[in-house]
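# Structural characterization, general
Okay, here's what each chain looks like letter by letter:
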Amino acid sequence: MAVDIGIDLGSSKTVIFSSSKVVLEVPNVVTVDSDSWEVVYTGENAKQTIGRTPESMQTVFPIEHGVISDYDLAEYMLKEYMTTAFGNKILRPRIMATLPAGLTELQHHSLSNVLESAGGRNITVIESPLAIAFSLGLDFSSPHGSLIVDIGAGTTDVAVISMGDIAVCNSFKTASFDIDAQIIRYVRKEFNIEIGQLTAESIKVKVGTAVERDVEIAVIAKGRNVFTGLPESFEITSSEVYEAIKDTIDTICNAIREVLNKTDPDLVADIMADGMYLAGGGSLLLGMPQKISEYLGIEVHHLSDPTHSVVRGAAVALKNSELLKNVDYQMRSIKELEIE
Ligand SMILES: Nc1ncnc2c1ncn2[C@@H]1O[C@H](COP(=O)(O)OP(=O)(O)OP(=O)(O)O)[C@@H](O)[C@H]1O
Ligand SMILES: [Mg+2]
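Since we're looking at a predicted model, the values are computed, not measured.

What follows is about the site of ligand 1. Ser-11, Ser-12, Lys-13, Glu-201 and Lys-204 are the nearest of the 18 residues found near ligand 1. Between ligand 1 and the protein, one listed contact pairs an oxygen atom with a backbone N or O atom of Ala-153 at 3.0 Å. The side chain of Glu-201 places a nitrogen or oxygen atom 2.5 Å from an oxygen atom of ligand 1. Within the complex, 86% of the 660 Å² of free accessible area of ligand 1 lies under protein. Assessed atom by atom at 2 Å from the grid points, ligand 1 resides in the largest pocket. With 3 residues, the single largest contributor to the shell around ligand 1 is helix α6 (residues 197-207).

Right, let's talk about the environment of Thr-209 for a bit. By the element assignment, Thr-209 lies in the loop between α6 and β15 (218-225). Residue classification places Thr-209 among the buried positions, given a relative accessible area of 1%. In this structure, the C-alpha to C-alpha distance between Thr-209 and Ala-153, residues 56 residues apart in sequence, is 16 Å. Excluding residues that lie within four positions of it along the chain, Thr-209 makes contacts with Ser-238, Tyr-242, Ile-245, Leu-285 and Leu-286. A polar contact of 2.3 Å, which involves the side chain of Thr-209, links it to the backbone oxygen of Val-211.

On to the nonpolar core, then. Counting 41 residues, the largest nonpolar core has Leu-147, Ile-183, Ile-203, Met-276 and Ile-292 as its most contacted members. It is helix α7 (residues 238-261) that provides the largest number of residues to this core, a total of 10 residues. Not counting the four nearest positions on each side in its chain, Ile-183 is found in contact with Ile-195, Ala-200, Ile-203, Lys-204, Val-241 and Ile-245. In this structure, Ile-5, Val-67, Leu-78 and Val-114 belong to the second largest nonpolar core, which totals 28 residues.

On inspection of all chains with the given rule, the structure shows 4 aromatic pairs. Both rings, one in Phe-61 and one in Phe-177, keep their centres 6.1 Å apart while their planes meet at 70 degrees; by these two values the pair is edge-to-face. A residue pair is termed long-range when its members are at least 10 positions apart, and Phe-61 in the loop between β6 (57-60) and β7 (63-64) and Phe-177 in helix α5 (residues 176-191) qualify at 116 residues. Considering the side-chain rings of Phe-191 and Phe-234, the 5.3 Å spacing of their centres and the 40 degrees angle between planes classify their relative orientation as tilted. Of the two residues, Phe-191 sits in helix α5 while Phe-234 sits in strand β16 (residues 231-237), which places them 43 residues apart along the sequence.

On to the environment of Thr-42. Structurally, the position occupied by Thr-42 is in strand β5 (residues 39-42). Residue classification places Thr-42 among the buried residues on the basis of a relative accessible area of 13%. Put simply, Thr-42 and Glu-212 are 170 residues apart on the chain and 38 Å apart in space, counted from C-alpha to C-alpha. Residues contacting Thr-42, with those up to four places away along its chain left out, are Val-29, Val-30, Tyr-76, Glu-80 and Tyr-81.

In this section: the environment of Glu-105. Along the chain, Glu-105 turns up in helix α3 (residues 105-117). Overall, Glu-105 belongs to the partly exposed group, its relative accessible area being 41%. Residues Glu-105 and Gln-48, 57 residues apart in the sequence, show an inter-C-alpha distance of 34 Å.

Pairing between sheet strands relies on hydrogen bonds along the backbone, with the strands arranged either parallel or antiparallel. Taking strand neighbours across the sheet as the criterion, the 3 strands line up as β5-β4-β6 in an open arrangement whose pairing is antiparallel. Each of the sheet's edge strands pairs with one partner strand only, and the pair in question is β5 and β6. With direction set aside, neighbouring strand axes in the sheet form an average angle of 20 degrees. In this structure, strand β4 (residues 30-33) lies alongside β5, joined through 3 bridges in antiparallel fashion. Across the sheet, the residue bridging to Val-30 is Thr-42, located in β5.

Considering the arrangement of structural elements, one finds Asp-70 in the loop between β8 (67-68) and α2 (71-86). Buried charge without a partner: Asp-70 forms no salt bridge, and the closest opposite charge is Lys-79, 13 Å away. Setting aside residues no more than four positions away along its own chain, Asp-70 makes contact with Trp-37 and Pro-62.

Axis separation between helix α4 (residues 128-136) and helix α10 (residues 309-319) bottoms out at 7 Å; the angle between their running directions is 75 degrees. As far as their axial angle goes, α10 and α4 are roughly perpendicular. Residues Ser-128, Ala-131, Ile-132, Phe-134 and Ser-135 of α4 pack against Ser-309, Val-310, Arg-312, Gly-313, Ala-314, Val-316 and Ala-317 of α10. A breakdown of the residues in the contact of α4 with α10 according to their chemical character gives 7 nonpolar, 4 polar and 1 charged.

Parameters at a glance
Residues numbered from 1 in each chain as written. Chains lettered and ligands numbered in written order. Predicted model: local features only at pLDDT ≥ 70, side-chain atom pairs only at ≥ 80, totals over all residues. Heavy atoms only, no water. Near = heavy atom within 4 Å. Polar contact = N/O pair within 3.5 Å; in protein donor to acceptor, adjacent residues only side chain to side chain. Areas by Shrake-Rupley, 256 points an atom, 1.4 Å probe, with all protein chains shown as cover. 1 Å grid on protein atoms, 1.4 Å probe; cavity = no way out; pocket = protein on both sides within 12 Å on 5 of 7 lines; lining within 4 Å. Sits in = over half its atoms within 2 Å of the grid points. Helix = DSSP H or I, 4+ residues; strand = E, 2+ residues; numbered from the N terminus. Buried < 20%, exposed > 50% of the residue type's maximum accessible area, 1.4 Å probe, protein only. Contact = heavy atoms within 4.5 Å. Core = buried A, V, L, I, M, F, W, Y, C linked by side-chain atoms within 4.5 Å. Phe/Tyr/Trp six-rings, centres within 6.5 Å; stacked < 30°, edge-to-face > 60°. Pairing = 2+ DSSP bridges. Axes fitted to C-alpha atoms, helices over the stretch in contact; angles between N-to-C directions. Lys, Arg positive; Asp, Glu negative; His and termini not counted. Salt bridge = Lys/Arg side-chain N within 4 Å of Asp/Glu carboxyl O. Parallel < 35°, antiparallel > 145°, perpendicular 65-115°, else oblique. Nonpolar A, V, L, I, M, F, W, Y, C, P; charged D, E, K, R; others polar.

It is worth stressing that arrangement in space is one thing and function is another; only the former is reported here.
Below you can see the structure in the form of structure tokens.
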């Protein structure tokens, strides 16, 4: 069976898109034996071991800040995910994969090589913001600036797209994982309780907010008292979480401003007129679009399916190779897109 596949290999999860739908969405986590480094769990099962492994095991994130940090584990994981998604019946899949903006040729090579080892052929790697622009169906026929922001788990990607290619971009290492880290720090400092990353993420999703809420809400969570070492429940309010994470949110807003400061004034004028496009799981934090809009004074269009827009755009580019004609991807990727 010959198939076309879009792959978004993110810091928190892999999303695979094929035949017009998401066919797999799974955490990029691997649990390994500490001595032999043999894989014990991958995906959802591995995610559940975060902060819970005995000394004989370790939890590893093979993708950090959007790039491969452990080549062998990334390859193992991807092979398994491809088999889960397609079984063994897949033949020479044409793959469009994505990476954060502004990376080196070597990092593009790495991703391409891992995908090839995992069974892929005809691999093209494009930048995530470009994929988002393709998913939006923006008009690239004339020079016009569009600002795309993707707040993921490990990176905040900011890019200005004009005529189907990236005019200015940067990939910042402050993103949604840092919000979890701030919640962990706050709980330790204010409650003397240690919590794990999964608990912090759950607090963020339930009561986290980028702007002050009109009505305060609270959640009860569990951790370990740093003095007694015993399990303890505590209640944390939305105002407290807001206090804990507001500096990180400001850093993200500032990152967007930094890219705008480096952008040609005419392109900035286009963005001021059109508004910007916001995607990524981090954009789902309550009030995030409003906060960014107020901070920058720009209208924010929050994409309707923000965690899948990258992979959807990759699939759009596979179907319509014309979209890549202005992309200087020869510089950034190593495999020519082969049209069958
Ligand atoms: N409702 C929500 N509120 C707040 N944060 C959320 C929500 N839903 C998901 N997230 C966060 O979004 C992040 C995942 O986003 P996304 O899937 O875009 O990341 P990624 O593509 O794996 O990472 P990256 O693009 O940085 O490499 C996680 O940190 C998750 O906690
Ligand atoms: Mg992403």
